[in-house]
Amino acid sequence: MLSVAVCVSGGGTNLQAIIDAVESGRIVNTKIVKVISNNPNARALKRAADAGIEGICVSPRSYETREAFNQALLEALTAAEPDLIVLAGFMVAVPACVINAFRGRIINIHPALIPSFCGKGYYGLHVHEKVLERGVKVTGATVHFVDEDLDHGPILLQKAVAVKENDTPEILQRRVMEEAEWILLPSAISLIAQGRVWIDEKGITHIKES
Ligand code: GAR
């Protein structure tokens, strides 16, 4: 059984997609053991509570220094003993101490086709604003493993989504979620739970046939 800790910051629709997929059996052999939010008011925490999952808040505002917050985040994650950490709309740069402790065992969902529209400043709705400003006709979402560099680790799954005439950032965000994110993130977790994902020496991911 794969133990999963999910880190969130806001609405938690990706968390909900994971919860629903575990319940429906679309994600196999997986248990969500903890939800951690940096934001005490995150709707995601309510979603965790409604599903009977332990949810806690570790907010940078509760700590005098960033280092103290980083240690608290590491302790909260370590206490959950997860096999996998899923960043599902987590708007915090994951500290090096967490990456070192869980190397190769952290995945993130990003609302664009990496390496486009990613890195510093590219998060949440801003990604879709920048997609529309640039005028690209195809965007999408990416699930990738997390390393020290922002939005940079090995890419696991991607799905393309059309940009349409008259899209607003909000409309496009919703389409990317519905057509890509809520499908990709559960799929990625299930593949990992089945032991079907490996990363080669060049940092390329591969998926074994079932
Ligand atoms: C999602 O679109 C996710 O891809 C994005 O934030 C949103 C969270 O929504 N994440 C990032 O931008 C990370 N760089 P949710 O809280 O409803 O899942």
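Trainee: Could you clarify how one ought to interpret the site of the ligand in this entry?
Mentor: For the ligand, the set of nearby residues contains 15 residues, the closest of which are Gly12, Thr13, Asn14, Gly124 and Glu181. Measuring from an oxygen atom of the ligand, one finds a backbone N or O atom of Gly11 at 3.4 Å. Here an oxygen atom of the ligand sits 2.6 Å away from a polar atom, N or O, in the side chain of Thr13. If the ligand stood free it would expose 460 Å²; the protein chains cover 93% of that surface. Of all elements in the fold, only α1 (13-24), β5 (106-110) and α6 (169-193) reach the threshold of two or more residues within the shell around the ligand. Class assignment for the residues of the shell around the ligand results in six nonpolar, eight polar and one charged.

Trainee: Mind showing me how you'd approach the pairing of β5 here?
Mentor: Consecutive residues of a regular strand have side chains that alternate between opposite faces of the sheet. Buried residues dominate β5, accounting for five of its five residues. Note: strand β4 (residues 84-87) against β5, three bridges, orientation parallel. When the bridges of β5 are listed, Leu87 appears paired with Asn108. In this fold, the crossover linking β4 to β5 by way of helix α4 (residues 96-101) has right-handed handedness.

Trainee: Help me understand α1, please; the structure alone is not making it clear to me.
Mentor: In an α-helix, one full turn covers 3.6 residues, which means residues spaced three or four apart are oriented alike. In this model, α1 (12 residues) spans 16 Å end to end at C-alpha, consistent with the 16 Å of a helix rising 1.5 Å per residue. Listed in full, the buried residues belonging to α1 are Asn14, Leu15, Ala17, Ile18, Ile19 and Ala21. Close packing links the buried residues of α1 with β1 (2-8), β2 (30-37), α2 (43-50), β4, β5 and α6. At the exit of α1 stands Gly25, carrying a positive phi of roughly 90°.

The rules behind each value
Residues numbered from 1 in each chain as written. Predicted model: local features only at pLDDT ≥ 70, side-chain atom pairs only at ≥ 80, totals over all residues. Heavy atoms only, no water. Near = heavy atom within 4 Å. Polar contact = N/O pair within 3.5 Å; in protein donor to acceptor, adjacent residues only side chain to side chain. Areas by Shrake-Rupley, 256 points an atom, 1.4 Å probe, with all protein chains shown as cover. Helix = DSSP H or I, 4+ residues; strand = E, 2+ residues; numbered from the N terminus. Nonpolar A, V, L, I, M, F, W, Y, C, P; charged D, E, K, R; others polar. Buried < 20%, exposed > 50% of the residue type's maximum accessible area, 1.4 Å probe, protein only. Pairing = 2+ DSSP bridges. Right-handed = clockwise from strand over helix to strand, strands pointing away. Expected span 1.5 Å × (residues − 1). Contact = heavy atoms within 4.5 Å.

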